[in-house]
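# Observations on the model geometry
What follows is each chain in one-letter form.
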Amino acid sequence: MEVGFEEIAGRRVQVAEGGSGPPLLYLHSAAGEALVWLDVLSGLAEDRTVVAPAHPGFWQSEGLETIHDIEDLANHYLALMDARGWEQVDVMGSSLGGWIAMELAARWPERVGRMVLAASVGIRVPDVPMADVFAMTLGKEEDARALSFHDPHHPLAKIAIPDLMSLNDEDLANFLRAMAATAKVAWNPYMHDPRLEGMLPRVSADTLLIWGRSDKVVPVPYGERLAELIPQARLVVVEECGHSIMLEQPQAVLEAARGHLRAGAAAAA
Amino acid sequence: MKFFAFHLMPYRDLPDDFEEHHDTAWVWVPNELWDPEKASGYYNEYIDQLVYAEELGFDGVCVNEHHQNVYGLMPSPNLIAAALTQRTQRVKIAIVGNALPLYDPPTRVAEEIAMLDNMSGGRIIAGQVVGGGPEYYSFSINPAQARNRFSEAHELIMRAWTQPGPFEFYGEHYKIRYVNTWPRPLQQPHPPVWIPGVGSLETMDFVAKRRYAYMGIPYFHIDFFKKTYGLFKQACERQGYEAHPEQMGLLMPIYVGETDDQARAEFEEHFWYFKRKLIPGLTLAPPGYTSIQSALRVFRSVDRQFISGVESWEDVERGTYAVVGSPDTVYEKLAEHNQELGAGNLLGLFQLGNMPGDKARANMARFAEQVMPRLAERFPNASEPPPQQVAFPDEQLAAA
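In this report, the structure presented in the accompanying data block is examined. Being a predicted model, the structure only gives us computed values, none of them experimental.

With that settled, the discussion passes to the overall build of chain A. Counting its regular elements, chain A contains 10 helices and 8 strands. Relative to the 2.2 N^0.38 estimate, which gives 18 Å for 269 residues, the radius of gyration of chain A is 17 Å and therefore close to what a compact globule would have. Each principal axis of the C-alpha atoms in chain A carries an extent, and together these give about 50 × 40 × 35 Å. Within chain A, contacts between residues at least 6 apart in sequence are counted, and of these 73% link residues at least 24 apart.

And the structure:
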């Protein structure tokens, strides 16, 4: 995997890229995991060229000042697809990234081939409250881990959500930047776009939804609702897994995502 | 030196074991804890205390704005200010609110302050604030827009007061076809503006450039204030002038007793009520609320130089988190610190936490009679008035 800079829609952003084969666009969550190259991505990169950009405002990616809402992020990735010359591409997104993927696939259905959505935010299911990730503050890191993981003592929990006081300035700045960039598009309405639900029936991508059974940030009914709204969608629920699905159950996510994406490649051939 | 009595109007009747069951006094603190019987008299009692400040010879009174919390019960400082316009004749009424980004359209703020300025005979000081971190949770206003909204709303309000209407205002956040505020303020071109800050250079430059007054956000270690006011003076120097003392306001809890021992004995329990019950949650910093640089700086100083880290009375004394003692002691401490700070407006919090009314009034009286005259002598008011405030410095330059 290599990380480089490129310009997308006038914004200078960092992009991690690795593997070989047909492209797969990976859109990261509020944790900004794109540049970390999780096990799931290296697994998928065995037969795909995985392109994982850092959203504007994350890491060293610039241009957040012209991102005002989730639609701007969808436009940003449409520009990336144009720049890469992709008429159609498979897209995988986690949480915030899944939301962006849906906004893309609903607005430009012909541009998205197959789609994998892991624990995605983006809609609101009345009476099923989402946890407030912006209320996870200093000194409450343990609560945050308990919200994000089925097992808050999972070895990666403390890496994903470290004790803020223990961070050096650079890592703390990265964390604060990631939260600020997320808040910019997701503060209000909280983690959803009221227009999206009405647009989702336009999605033509064959879609796999992967959810953690114990997700407290976006509980399973969100996955169920999306499975109803997206015309060709299938929901897989992973046991003993919370919202940080890419970290807590990487093997289950990899197998499900790989199977879904390979089925698409086989159909195309 | 000018003397102001500042009031938070806190909730005084929290249960003793409050902090065992609640980790915040803000945003999520259940309003079922409000006891209508006990609390209904608060407002009139607190207003009486501010009226008393006028009788005692204070130059002004200050009200402030907070929402959905037990620390300060003035979601609308303008309502309290309105009452004060009718109950006082002489004092300045400094409104250290209105949290501009919370109001859409912010022309409402321009209208209300102009009303109050007329109702008070031109005694209003118009604070303009970004709003505390918790308010962004309570209003669901996007904290990533806080600074932009503030500067845009500020511009809109200052234009509403100073520019002939009707005119059109098209900003990023506020788009108003006809701005034409009636009434206009009595003070011309506009009531004096105060802006509080935690020490970010962006805010200081904003204030210094417009020759507004700066007020340090309280409850930090005295060394933190000394650094902050030093930086503000430098910001004014960068604009080519020397900071006027009345461009700097120092806000501190103050308690004057008969003797040092009596003062501490009378005051201490109220300090701990304030610190343990009312402060937790105040420092909530929603994402994007400040620049990353400022966020890092505040993050580190809240850890080391803020009231939330105070555990013992020795900590209180060492950091001067409150100025407490006999009249001599309070005078000496304030004189010593202000020698370096150079603030021309002293804003005292004389009622703190669950301090009952009679104690707060006795404190104010002792301060006014035995400390204020000596401080006034030690820090005489400058012969020159503070510099003329300039809402639109760049446009003035262009016109010249």
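Back to the text.
Moving on, we get to helix α9 (residues 222-238) of chain B. Within an α-helix, residues lying three or four positions from one another point in the same direction, as the helix has 3.6 residues per turn. All names here are of chain B. Taking 1.5 Å of rise per residue, the 17 residues of α9 would be expected to cover 24 Å, and the 24 Å separating its terminal C-alpha atoms lies within 8% of that figure. Every buried residue of α9 is accounted for by Ile222, Phe225, Thr228, Tyr229, Phe232 and Cys236. Angularly, the buried residues of α9 cover 115° about the axis, an arc narrow enough to put them on a single face. Turning to α9, the residues buried within the fold contact α8 (201-210), β8 (213-216), β9 (248-256), α12 (313-319) and α13 (327-341). Where α9 terminates, the next one or two residues include Gly240, which has phi positive at roughly 90°.

Here the focus is the interface of chain A and chain B. With 15 residues of chain A in contact, the opposing surface of chain B contributes 13 residues. For the side of chain A that touches chain B, the residue count by class is 9 nonpolar, 3 polar and 3 charged.

Moving on, we come to the environment of His76(A). Residue and element names in this part refer to chain A. In this fold, His76 is placed in helix α2 (residues 70-84). The exposure class of His76 is buried, given the 22 C-beta atoms found within 10 Å. For His76 and Ala9, which are 67 residues apart along the polypeptide, the C-alpha to C-alpha distance reads 6.3 Å. Not counting residues within four places of it along the chain, the set of residues in contact with His76 comprises Ile8, Ala9, Arg11, Pro56 and Ile67.

Of all hydrophobic cores here, the largest spans 202 residues; its most connected members are Tyr26(A), Ile100(A), Phe4(B) and Val61(B). The contacts of Val61(B), once residues within four sequence positions are left out, are Phe4(B), Ala5(B), Leu50(B), Ala53(B), Leu84(B), Val91(B) and Ile93(B).

Here we come to the pairing of strand β4 (residues 49-53) of chain A. All names here are of chain A. In terms of burial, β4 is largely enclosed, as 4 of its 5 residues are buried. As judged from the 4 bridges shared by strand β2 (residues 11-18) and β4, these two strands associate in the antiparallel manner. In the sheet register, Glu17 faces β4, and the bridge partner there is Val51. Taken together, the 3 bridges between strand β3 (residues 23-27) and β4 define a ladder with parallel strand orientation. Note that in β4 the partner of Pro23 across the bridge is Thr49. In this view, the connection linking β3 to its parallel neighbour β4 by way of helix α1 (residues 39-44) has right-handed handedness.

Further remarks concern the pairing of β3(A). Residue and element names in this part refer to chain A. Burial of β3 is extensive: 4 of the 5 residues sit out of reach of the surface. Pairing between β3 and strand β5 (residues 89-94): 4 bridges, direction parallel. Its bridge partner lying in β5, Leu25 is registered against Val91.

Turning our attention to the environment of Glu55(B). You can see Glu55(B) is positioned in helix α3 (residues 42-55). Along the primary structure Glu55(B) and Ala368(B) are separated by 313 residues, whereas in three dimensions their C-alpha atoms are 9.9 Å apart.

Rules of the game
- Residues numbered from 1 in each chain as written.
- Chains lettered and ligands numbered in written order.
- Predicted model: local features only at pLDDT ≥ 70, side-chain atom pairs only at ≥ 80, totals over all residues.
- Helix = DSSP H or I, 4+ residues; strand = E, 2+ residues; numbered from the N terminus.
- Rg over C-alpha atoms; globule rule 2.2 N^0.38 Å.
- Contact = placed C-beta atoms within 7 Å.
- Expected span 1.5 Å × (residues − 1).
- Buried ≥ 20, exposed ≤ 12 C-beta atoms within 10 Å, placed from the backbone.
- Arc of directions from axis to C-beta.
- Nonpolar A, V, L, I, M, F, W, Y, C, P; charged D, E, K, R; others polar.
- Core = buried A, V, L, I, M, F, W, Y, C linked by C-beta atoms within 7 Å.
- Pairing = 2+ DSSP bridges.
- Right-handed = clockwise from strand over helix to strand, strands pointing away.

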